[in-house]
Structures are given as C-alpha cells and as structure tokens.
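Examination of the molecular architecture
Listed below, chain by chain, are the residues.
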Protein chains: 2
Amino acid sequence: MENCTLGMEDIRQAADRLGGSIVRTPVLASPMLDAAAGCRVFVKAEPLQLTGSFKIRGAMNKMLTLGAERLRRGVITYSAGNHGQGVAAGARLLGCPAVIVLPDTAPAIKVENCRWWGAEIVFYSPDTQDRETVTVAIARERGMTFIPPFDDIDVMAGQGTLGLELVEQLAKRNVVPDVVLVNCSGGGLASGVITAIKHAFAHTQCYVVEPTGFEKMGRSLRSGRPEHNPTVPKTLMDAISGPVVGALPLRTLLTHDVRGISVTDDEALQAVAHAFRWLKLVVEPGGAAGLAAVLARKVALDGKRVALVCSGGNVDPAVYARALTHS
Amino acid sequence: MENCTLGMEDIRQAADRLGGSIVRTPVLASPMLDAAAGCRVFVKAEPLQLTGSFKIRGAMNKMLTLGAERLRRGVITYSAGNHGQGVAAGARLLGCPAVIVLPDTAPAIKVENCRWWGAEIVFYSPDTQDRETVTVAIARERGMTFIPPFDDIDVMAGQGTLGLELVEQLAKRNVVPDVVLVNCSGGGLASGVITAIKHAFAHTQCYVVEPTGFEKMGRSLRSGRPEHNPTVPKTLMDAISGPVVGALPLRTLLTHDVRGISVTDDEALQAVAHAFRWLKLVVEPGGAAGLAAVLARKVALDGKRVALVCSGGNVDPAVYARALTHS
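What counts and how
Residues numbered from 1 in each chain as written. Chains lettered and ligands numbered in written order. Predicted model: local features only at pLDDT ≥ 70, side-chain atom pairs only at ≥ 80, totals over all residues. Heavy atoms only, no water. Least-squares fit on C-alpha atoms with pLDDT ≥ 70 in both. Contact = heavy atoms within 4.5 Å. Helix = DSSP H or I, 4+ residues; strand = E, 2+ residues; numbered from the N terminus. Polar contact = N/O pair within 3.5 Å; in protein donor to acceptor, adjacent residues only side chain to side chain. Salt bridge = Lys/Arg side-chain N within 4 Å of Asp/Glu carboxyl O. Buried < 20%, exposed > 50% of the residue type's maximum accessible area, 1.4 Å probe, protein only. Buried area = accessible area lost by both parts, 1.4 Å probe. Core = buried A, V, L, I, M, F, W, Y, C linked by side-chain atoms within 4.5 Å.

Superposition of chain B onto chain A requires a rotation of 180° combined with a translation of 0.0 Å along the rotation axis, giving an RMSD of 0.0 Å. Taken together, these values place the two copies in the relation of a two-fold axis. Most of the interface of chain B is mirrored in chain A: 100% of its interface residues are interface residues there too.

Rendered as structure tokens:
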C-alpha cells in the first residue's frame, strides 16, 4: 500500500509548499515555569498561528496538493472549530471557494469566524440529517474537494511542519529533548510532530496527551487498532474530544514507541492559568493538555528537557476568566 | 554636555552587550485585528520577554556597563513593578546581588516575584520614610549602584534594542511603517524605540501614548521642559502612570517630532480584550495603550501601516477577567 505512514519527505515538501504563508510560531520558555514543573520546558506557541491554532497548516497543505482546477472548484469540510477556521482561512489565502457545513445549533461566534474568512456556511439539522451525507452531497454537486481533519497524509504532513520548526528551534538552542508531549484527538498533529521529532532525535520519548475519559489514542496504541470513545462525556477540552482516531495517524504513531497519558479538566484549567501567568500566552483548555500533564507530573520529568505543543488559543472569554479566577 | 541625547550607536552597543541573554520577541499580526483597526497593524509582543515586560532590556544593559567590581557589590532600585522585576532578573542572570526597596504595603505577589529572582527586599514605611532617602542610604552603605527606571542613557539604550529588533523585523517583511506608537511614562522606552525607528525610517510619524489624565510627556513635548502630573488620579494603566518624565528621554524625544495622545481605562481594557481574541497575547492595560489608541481611532490611520509596542503583560487575573467579560 502506497504512502500508508507519514514520512519525513512528506513533511519537508509541506514546509516548502506552505513557505511564508503561515506563521513560524516561537518557542517560549520561562524560568518560573521551569521551577514549577521541576524540569526545563520548551513550549511551541501555536496560539500565535494564523486562526489561533495549528489547523491551517494541514488544511492549507492539502489544498496546495490539489492542482489549479480542483482548487478553482473549491473545498468543503464540516468542522465549526479550529479545523473549520483553518480551511476557511486557507481558502481565503489561496483565493478558492470554501463551504463549511455546520449544525443549525452552532454557536454564533463560530459561524461568524468562518464567515469572516469568506467561507459559505451551509446549515444542517442534526436531529434529522447526517453531516457526512450532507457534506458528500454538496461536494459531488459542486465538484468540491473534502478536506479531512486528520486522517490524510497531506493533512498530517502539514501539521508535521510544526514539528520540523520545533526541531530547528530546539537545535538552535542546543537542546535535545528527553521528552516531547503532543495534545491528541484524531492524531493528525501528534503523528506529524512525532515523525519530525523522532527523525531528528531518535531517543526522545514521545507522549500523546488526551482528556481523561477520552483516551482513544492511548487505547489504540495499546490494541494496535483504531479505538473510539464508547460514550461522549463532556470536557472543557473540546478541541481534542472527537469520537475517533485516524487510521493513518495511528499507523504512523505505532512505528514510534509512543505512550498515551491523560489530564482532567481541572488540570487543563490550571495549565491555562499557568500559561497566562508565566508565558503571557492565551491557550485554550484542549491546547494546554500537554502543559497540564507536565505541571501535574503525570510522568517523571525531574531535571529533564521537555518540549511540548500548546496547540491552540481559541477559548471562550468566560471559560478563560474561570480558569484565571478559580485555579 | 556629553551624551545628553540617545544615539543609534548607544542602542547598537546595548544590543551587542545583551546578546542572547534576553528574548528577541516576535512581531504579531492578525487580519481580523487589521479589519477592526482599519489599517495594517504590527505588534511587537514584549509580554513574551523574560519577566513579562521590556524593562529587563534597560536594567541589564545598565548593569553590563558597570564593570566587574561595581557589579560584584550589587545593584539597587525602588520599583515593585516591571522595573523592579527587570533589575532582579538581570542581577540573577549576571550573578550579582540586588536590593529592591519596597513600601511595607506592597502587594504580596510583587514581593514574591522580586524574591523569586533572588533579590533581597528592604521594606520602608511610606508614612514616615522617603524611598529615595532609604535607597541612597543603603546604596552608600553597601557600595551598591542605583539602577534608574528611565532617566539614564544606558537604560534608554537598552529599551532601544526593542526598537532595533522592530526595525529589522519590519524590514524583513518589506514594511516601512507610516506610524509608530509607543506607550510612555518616564520616557525610557519611547525615547529608545523612537530613536531606532527614526534612524531607519525618517518619515515615520511617531506618537507616545499615555493614560488620559496622565499626559505629562505630551505636555512636556509641547512646553519643551519636563512636566509632571499635578495630581495623582487613579488608572488601571499603573505601568505608565508615574508622576514625572525623564529629562534625558524628553531631550531625545524633542529631536524627533513626536506627538502625544492619550487613552482612557475603558479603551485600554477593550484593547486588552482584542489582544486576547485576535493575538492570543496577554497584555496588561498599560501595555495595551498604543493598541487602544489605534482601535479607538485616536489618530487617522485608515489604510496605513502601523507598528506599535505591547510593552508588558503583568496583569492581575481579576483585572484581566474583567477586561474579557465587560468589553
């Protein structure tokens, strides 16, 4: 089977394609954060990315592989969250049409954000319609290309450019990380980043971090096949609480000796507050899972060099205020 | 009189001295922010600096001019805010003793922050003692060097390194700014940054931004001599609400056709909320004054290229939560 795991060459090509159209986000560090964590922490600050999360990397890389004719007909997806915004913004930058399929119950702010970038919103009724069916019908009718959120080598490669930058930024500081932690839901980001990290630093131990009660990737890594969340509990870490892992991300992660750990909502909120105080970086709860795992000492990291990804900063002001005043 | 205005060579030497010991903070931009402001905005993100504000640049540059013997005896200052933290952190990095003179009424968090960096805190009673007198007495007794907050060429040159970085970062994007705005109290930051900007971009119009009711630099620029605030009103922009301007910063600013504008607390809080939403950057109210002036359209900027400094992010969580939920 051709191209069934992500390779370093896919990531390098994605970096060439994306070029200067996305932000090379900085790596942040704080002596105070290090003291609280008991280790040296290097934070890849992806809230500073265009659209406030890493998602535009993968979405835009996928679009750039389509060729002029398919691009002209446009792209479509069904996420109201960070991926939807990434697709909408990528389409705007490339000058192609985009449709975002949203439930008619979607919060106004998410609808506004997608519209701001120029995307057309098509609503469906979640009580009577299935979003995949609606999306496929529109895609066929208009000749649009579906941009998957994670289970796609080009999307994974785009997210991997974050890992490539992190490797270069750590190398510039003469840091070889002992441990790398990446937030994980479907696995697009984790597979991309960990592929880049393991290529450069073969002995670095990599972890995926999930919300407690949503450890689908942790279980998949143990069973060797895609597991899903049996129920849909609630979590403040909405960005990493999807129901399924991607088959391609899982296959890639299985080649790299990756372990799964999890954090609670309270631990995530405390990490959000720590990022506020010590990094001056706005991070959403799901984007702070890796930082939460370090601060809550989910694995033994004393004295080690630890790199992690803060993956997004699109957080409701009321949730953010709660994190600051209650932890 | 030797060295009575800041020159470009002072700033270049400061940049060489500081080298890699401080953070080269990124310049952030957001299409959504641009749309709200009606112009292209480039934000120098100094909350991402070590200690959460620009102050370590000037404090540390001053220390690096002292020579080994004076450095060994240590440094002293009397600010509990961003300058105090900058002095404490700079002393820690250089391995020299530091004393911070604080009123016995200082908030615990500010005392903790200075102590965290290893500084010794000496308390005085503001009812019966004068902070300058206390500071001078300790400095004489222990042979320590006073690090002034702004009225000193070496301190101004250190703050100017921020301007030098901004010039390089704008040039890399092929941007010549039409307008630059810098938050201002004593004038150390403003004189440093504007000297670097005007050297590179002679036609850029520069503004200092102050809290409404605290326009001491605006008045000083008009009268040509150091004015002070006749009363001490209250403002949330505590970082830029000191009573006096520096003679040396004023003299430097008078050579550069600088204008003064002001913003209210409400405008500053709204700018804090905009930086949260669009830049994912934590900014304190006083650090957001320049951004507030742009968003409140205090000067005509339509379609222009505007660079500004977000100068610090050390904000009380309750004040920050208020900015997010009330604007």
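On to the side chain of Lys62(A), then. One can find Lys62(A) in helix 3 (residues 55-64). Of note is the side chain of Lys62(A), whose polar atom sits 2.8 Å from the side chain of Asp152(A).

Counting across every chain of the model gives 28 salt bridges over all chains. A salt bridge links Arg73(A) to Glu69(A); its shortest N-O distance comes to 3.2 Å. You can see Arg73(A) and its partner Glu69(A) sitting in helix 4 (residues 68-73), four residues apart, about one turn around the helix. Arg73(A) sits in the partly exposed class, given a relative accessible area of 35%. A salt bridge links Arg24(B) to Glu168(B); the nearest nitrogen and oxygen atoms lie 2.8 Å apart.

Note that Asn314(B) resides in the loop between strand 10 (305-310) and helix 14 (317-326). When its relative accessible area of 25% is taken as the criterion, Asn314(B) is described as partly exposed. Between the C-alpha atom of Asn314(B) and that of Thr51(B), which follows or precedes it by 263 residues, the distance is 8.4 Å. Residues in contact with Asn314(B), not counting those within four places in the same chain, are Lys280(A), Thr51(B), Gly52(B), Ser53(B), Asn82(B), Gln85(B) and Glu284(B). At a separation of 2.7 Å, a polar atom in the side chain of Asn314(B) contacts the side chain of Asn82(B).

Let us now look at the interface of chain B and chain A. With 28 residues of chain B at the contact, the number on the chain A side is 28 residues. Around 2300 Å² of area is buried between chain B and chain A when both sides are counted, 76% of it from carbon and sulfur atoms. Area buried by chain B at its contact with chain A is led by Met32(B), Phe276(B) and Lys280(B), which between them contribute 28% of it. At the junction of chain B with chain A, the criterion picks out zero salt bridges. Remark: the boundary between chain B and chain A carries six residue pairs in polar contact (both at pLDDT 80 or more).

Residue and element names in this part refer to chain A. Its identity is not glycine, yet Arg297 carries a phi of approximately 55°, on the positive side. Mapping Arg297 onto the fold places it in the loop between helix 13 (289-295) and strand 10 (305-310). On the basis of relative accessible area, Arg297 is assigned to the partly exposed category, the value being 44%.

A few words now on the nonpolar core. Grouped together as the largest cluster of nonpolar side chains are 142 residues, with contacts concentrated most on Leu181(A), Tyr320(A), Leu181(B) and Tyr320(B). The residues contacting Leu181(B), other than those within four sequence positions of it, are Tyr207(B), Val209(B), Ile261(B), Gly290(B), Ala293(B), Val294(B), Val306(B), Ala307(B), Leu308(B) and Val309(B).

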